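Below, each chain spelled out in residue letters.
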Amino acid sequence: MSSLNVRDLNNTRKAQMELVFFNRVPKVGSQTFMELLRRLSERNNFQFHRDAVQKVETIRLAEDQQQEMAEVISELPEPSVFIKHVCFTNFTKFNLPTPIYLNVVRDPVERVISWFYYVRAPWYFVERKAAFPDLPLPHPAWLKKDFETCVLSGDQECTYTQGVTVEGIGDHRRQSLFFCGHDYECTPFNTVGALERAKFAVEQQYAVVGVLEDFNTTLSVLEKYVPRFFDGVRDIYANSAEYLTKINKNNFKPPVSEHVKNIVRRNFTNEIEFYQFCRQRLHKQYLAAHLPQRIITAHPAPLGGN
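Every chain's residues receive numbers from 1 upward, in the order its sequence appears when written. Totals for whole chains, interfaces and linings use all residues, but because this is a predicted model, local features are given only for residues with pLDDT of at least 70 and pairs of side-chain atoms are given and counted only at 80 or more. Each side-chain value is worked out from all heavy atoms of the structure, with water and hydrogens disregarded.

- As annotated in an unreviewed UniProt entry, the protein chain carries the name Heparan sulfate 2-O-sulfotransferase pipe and is attributed to Drosophila rubida.
- According to its UniProt record, the protein chain has this under Sequence similarities (unreviewed entry): "Belongs to the sulfotransferase 3 family."
- UniProt positions are given in the numbering used here, feature names are shortened, and annotations may be inferred rather than shown by experiment. The Subcellular location (unreviewed entry) comment attached to the protein chain in UniProt states, word for word, "Golgi apparatus membrane".

## Thoughts on helix 12 (residues 233–244)
- The way it works is that DSSP assigns letters per residue, a run of H or I at least four long becomes a helix, a run of E at least two long becomes a strand, and they are numbered from the N terminus. Multiplying one less than the number of residues by 1.5 Å gives the expected span of a helix. Its 12 residues give helix 12 an end-to-end C-alpha distance of only 12 Å, which falls more than 12% under 16 Å, the value for a rise of 1.5 Å per residue.
- Burial status follows relative accessibility: with a 1.4 Å probe on protein chains alone, a residue under 20% of its type maximum counts as buried, one over 50% as exposed, and anything between as partly exposed. All buried positions along helix 12 are accounted for by V233, I236, Y237, S240 and L244. Buried residues of helix 12 fall within an arc of 115 degrees about the axis and therefore sit on the same side. Across from the buried face of helix 12, at angles greater than 90 degrees, the exposed residues are D235, A238, N239 and E242.
- The contact criterion used throughout is that any non-hydrogen atoms of two residues lie within 4.5 Å. Buried residues in helix 12 make contact with helix 2 (30–44), helix 10 (215–225) and helix 11 (227–230). When we speak of the arc, we mean the arc of directions from the helix axis to the C-beta atoms.

## A short note on the layout of surface pockets
- When its volume is computed, the second largest pocket comes out at roughly 260 Å³.
- Considering the residues around the second largest pocket, the lining is formed by 14 residues, among which F88, N90, C180, G181 and D183 are closest to the centre.
- The dominant element in the lining of the second largest pocket, judged by the number of residues it contributes, is helix 9 (residues 192–205), at 5 residues.
- Class assignment of the residues belonging to the lining of the second largest pocket gives a composition of 4 nonpolar, 7 polar and 3 charged. Here a cavity denotes a set of grid points, spaced 1 Å apart and computed over the protein atoms alone, in which a 1.4 Å probe fits but from which it cannot get out, and a pocket denotes an open set meeting protein on both sides within 12 Å along at least five of seven lines; residues with an atom within 4 Å of a point are reported as lining. Grid points are joined across faces, edges and corners, and a volume is the space filled by probe spheres set on the points. Gly falls in the polar group here, along with every residue not listed as nonpolar (Ala, Val, Leu, Ile, Met, Phe, Trp, Tyr, Cys, Pro) or charged (Asp, Glu, Lys, Arg).

This is the structure:
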């Protein structure tokens, strides 16, 4: 406890512009966080920007695409927030100022279960068909799959083989990919190399990586470490919790047994380690910000400062 201090855990001070880049992981409650940011933009006087919905979401970009995206984001007026499903992108690689990096994670097994039923929910296809009329409808047999049978029958969709590379956002088993980056070495599933790269990015670059299962702690840490943008976030959430907790909620998702979850967990060892790493860091940030001043003033620095 005595070794914890805010400065060491406060990457907001490394930012070179007043711009939050939320490269959001899907199915981690990010729709709720987006709505919070939209409301905060009005309260705290910053601009809110999000990428347009894509027919095919590309999260791993070629180097020229990374640079183009980073340049577009860097040209936004300050202060701003920009939100997009995309892998971690190092702006300094292109001689551009560093933004404030934010993201959120979720228990990786719960996340793949959530995605499994999300893409099978009736309203999901209604929304997608309305946005992209030429999209084909899925086969009824695929829609009727349930997660437990999928796992227990050895269906390829629910096998989660170690080291397998599947491109595209549809491969939601790799939460760490959003932190590891765009390199090919980040793509094989559940590898030590991807794990270590993702950990390094979180520790060195991200101001806050929230945790869905620790929602209130996440809000508290965001308010403490990124106050320019998140001041008042707990009040906003408290006043609208009933609505915010229902955003994107899937009432078509049935319960999954612990037996089946444990089978899946066997192949998610490194993804689970990454999740626990992010969770531990979040709690360190919370404790450091709430320790008595006599402990944290050894390295004085205003939260969110330079």
